[in-house]
Amino acid sequence: MTTVALEFTGTGWTTTFQDLGRRDTERRGVPTGGAADQHSAVVANLLVGNPRGATLIENLGGELALVPDADVLLAVTGAPARVTVGGAPVESWSPLVVPAGQEVRVVGDAGRGTRTYLAVNGTLAAKTLLGSAAPDARMGFGQLVTRGSRVLLETEFRGFRRRFFEPPLFRLPVPVPRFDEGPWVVDVVASHGIHAIPGIREVIEEAEYVVTPRSNHVGLRLDGPVLHPDTDAEIVSHGVPVGALQIPHADELIVLGRYRSLTAGYPIVGVASRDCLPLLGQAGPGQRLRFRWTDRDSAIRRLARREAEVCALEHAIAEAFAAVGFETPLPQH
Amino acid sequence: MTTAPSGDVAVEPFGDSAVMVTVPHADQAIRRSAIVAFRDRFLEHRPHGVLDVVSGLESLLIEFDPLQTAPQHVEYAVRLLARWAPADGPEQPRTVREFAVPVVFDDETGPDLVSVAEEVGLHPAEVIEAIAKSTFTIALLGAAMAPMMDGLVLPRAVRRRAEPRTDVAPGAIMIAGDNAIIQPFPGPTGWRVVGRTPHTIVDISRPDPVSFGTGDVVRFVPVTRDEAAALDAGFLLPVEVSV
């Protein structure tokens, strides 16, 4: 195990430590939180031989840049981005060997997804709250990585004796999501509240919605047509799943994110499928969205297909890394 | 603690990886106590694949990983646990912690005291007395671990504010309906703000940021500003532990 310092020479609009979120804390009022795009976070970690839930860096907007003081194994995933090492373009969604003293620079294409993820083999030294490095703004746990800061990394990586500009090390079956130019399609499972608003199913199915700048980690606020229930029945505070489609009193649609809290009084007409949550986590202001109603079993089947792809990657990486003499933790799934 | 009267629960699908459990009963008090009892039992016998639960006032959201279990299995487990009467009497009694929370009730710490008093037909001093006489039980931990309590005894239920306050100080004691809650961090609220405790309710630098949990008992003890300052109050701790 060696300790490596990562010097952050550039940070985006918001650069934080991140992971897959808190486990078993929602029953105590703390939302799971964690990476908005969980798929990209998982794959970034797998590509560098980390466990899925290892602490990594989430970057929103701007330019992220860092310089390690020893060779590190690193990967960038998430929204489409231009990644360079020492000025030379390299691939995202791929393991990269970054030599000591070389700068990694990540510039996202903000028009096609908002967040990039950067994982480094090993354990990043980050504070935790209730077992997770994920930020929680409401509890004053910011986890910001600031420009000029040095973040320490404990790693077993000692290099593959390869140069970063040689052809890619591995041919891995990486499940890279599509970040289309056009509207993104989100599958939604109808929920009980849909019966309170006759006609809402058709309205949502046919319309196109646009993410507004009032969106944040609590929820995406969408411009587009909605209908309201006739009655103004008081709904008692209750929990809601991540991805719930809520219609507030104003003419907008809200898709609740990983930092939502209890809700009351607003009908919830459906819940985005778990499989589509990573895509929603990438939607920024101006992004166009369309919704497609689906049933629970179909939604779970699509989730299972994605999970199978991630498992295949997990195994391919374990084999490929073992072949070059670099042990990775055995897949847990 | 009241147990579910009939063991009947309603289970509603909520997306592809959650179900919502409620207790259908005409009496609100029974709906609320029965869901708390069900929640305790469910967490004690948590089925495989269940990730977490979210307590509402009259509901329990159960979140699961649909690749580790099936929604139908979770629904089945919920119904089974709701109907199942443990053979050897009540479930393992949990330790109830008791808290005596000092509170400064004045115009500055409790900007809604006067309007609450008008609404329920009392003098502000009588509202403070009623709060001090009430014995609260923590029903659930709300946003950012805020203790949400039942047990406020006033002549009538207190309404929420029409316009939420935008920046309420940590430690604010707030009421609505027959509930009370303590604000852990600065932030907005629609609750009526009636006082403030000098204690730190949630401290994120501690491994466990709170000292309380659901079922614990809270009383509010009126103190003056000077008394509050003299307390040198830090992290809120229970006064005594009883079984």
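Residues numbered from 1 in each chain as written. Chains lettered and ligands numbered in written order. Predicted model: local features only at pLDDT ≥ 70, side-chain atom pairs only at ≥ 80, totals over all residues.

The subject of this paragraph is the overall build of chain B. Across its full length, chain B carries five helices and 14 strands. With the principal axes as the frame, chain B shows a C-alpha extent of 55 × 40 × 35 Å. Relative to its 243 residues, chain B shows a buried fraction of 42%. Considering only intrachain contacts with a sequence separation of at least 6, the fraction spanning at least 24 residues in chain B is 63%. (Helix = DSSP H or I, 4+ residues; strand = E, 2+ residues; numbered from the N terminus. Buried ≥ 20, exposed ≤ 12 C-beta atoms within 10 Å, placed from the backbone. Contact = placed C-beta atoms within 7 Å.)

Before going further, it helps to examine the interface of chain A and chain B. Contacts between the two partners involve 33 residues from chain A and, on the opposite side, 30 residues from chain B. Here the element with the most residues in the side of chain A that touches chain B is helix α4 (residues 296-323) of chain A; it accounts for six residues. Considered class by class, the residues forming the side of chain A that touches chain B number 14 nonpolar, 11 polar and eight charged. (Nonpolar A, V, L, I, M, F, W, Y, C, P; charged D, E, K, R; others polar.)

Partitioning chain B into structural domains gives domain 1 (10-83) and domain 2 (96-242). Taking the mean C-alpha position of each, domain 1 of chain B and domain 2 of chain B sit 29 Å from one another. (Domains from an automatic or database assignment.)

Residue and element names in this part refer to chain B. Located in the positive-phi region is Met145, a residue other than glycine, with phi close to 70°. Looking at where Met145 falls in the secondary structure, it is placed in the loop between β6 (136-141) and β7 (147-150). In this structure Met145 comes out as buried when scored by C-beta crowding, with 24 C-beta atoms within 10 Å. Phi at Asp232 takes a positive value of approximately 50°, unusual for a residue other than glycine. Within the secondary structure layout, Asp232 lies in the loop between α5 (225-231) and β14 (240-242). For Asp232, a count of 7 C-beta atoms within 10 Å corresponds to the exposed category.

This brings us to the sheet that holds strand β9 (residues 104-108) of chain A. The sheet built from seven strands is open, its strands ordered β7-β6-β9-β4-β1-β12-β11 (chain A) with antiparallel pairing. Edge positions in the open sheet fall to β7 (88-90) and β11 (123-124) of chain A, since each of these has one partner strand only. (Pairing = 2+ DSSP bridges.)

This brings us to the domain arrangement of chain A. Residue and element names in this part refer to chain A. Examined at the domain level, chain A breaks down into domain 1 (2-179 + 307-323) and domain 2 (184-294). The C-alpha-based centres of domain 1 and domain 2 are spaced at 30 Å. If one sorts the elements of the side of domain 1 that touches domain 2 by residue count, helix α1 (residues 38-47) sits on top with three residues. Along the lines of polarity and charge, the residues of the side of domain 1 that touches domain 2 split into six nonpolar, nine polar and two charged.

A few words on helix α1 (residues 28-44) of chain B. All names here are of chain B. Between its terminal C-alpha atoms α1 stretches 25 Å, which fits the 24 Å expected from 17 residues at 1.5 Å a residue. Every buried residue of α1 is listed here: Arg32, Ser33, Ala34, Ile35, Val36, Phe38, Arg39 and Phe42. Among the structural elements, β2 (18-22), β3 (50-55), β4 (59-64), α2 (71-83) and β6 are those in contact with the buried residues of α1. (Expected span 1.5 Å × (residues − 1).)

Residue and element names in this part refer to chain A. In this fold, Arg260 is placed in the loop between β17 (253-256) and β18 (268-272). You can call Arg260 buried: it has 25 C-beta atoms within 10 Å. Among residues more than four places away in sequence, those in contact with Arg260 are Pro31, Val218, Gly219, Val240 and Val242.

With that settled, the discussion passes to α1(A). Residue and element names in this part refer to chain A. Burial runs high along α1: 10 of the 10 residues are buried. Buried within α1 we find Gln38, His39, Ser40, Ala41, Val42, Val43, Ala44, Asn45, Leu46 and Leu47. Of the residues one or two after α1, Gly49 is the one with positive phi, at around 80°.

Residue and element names in this part refer to chain B. Considering the arrangement of structural elements, one finds Ala125 in helix α4 (residues 124-133). Owing to 12 C-beta atoms within 10 Å, Ala125 belongs among the exposed residues under this scheme. Spatially, the C-alpha atom of Ala125 lies 9.7 Å from that of Asp106, the residues being 19 residues apart in sequence.

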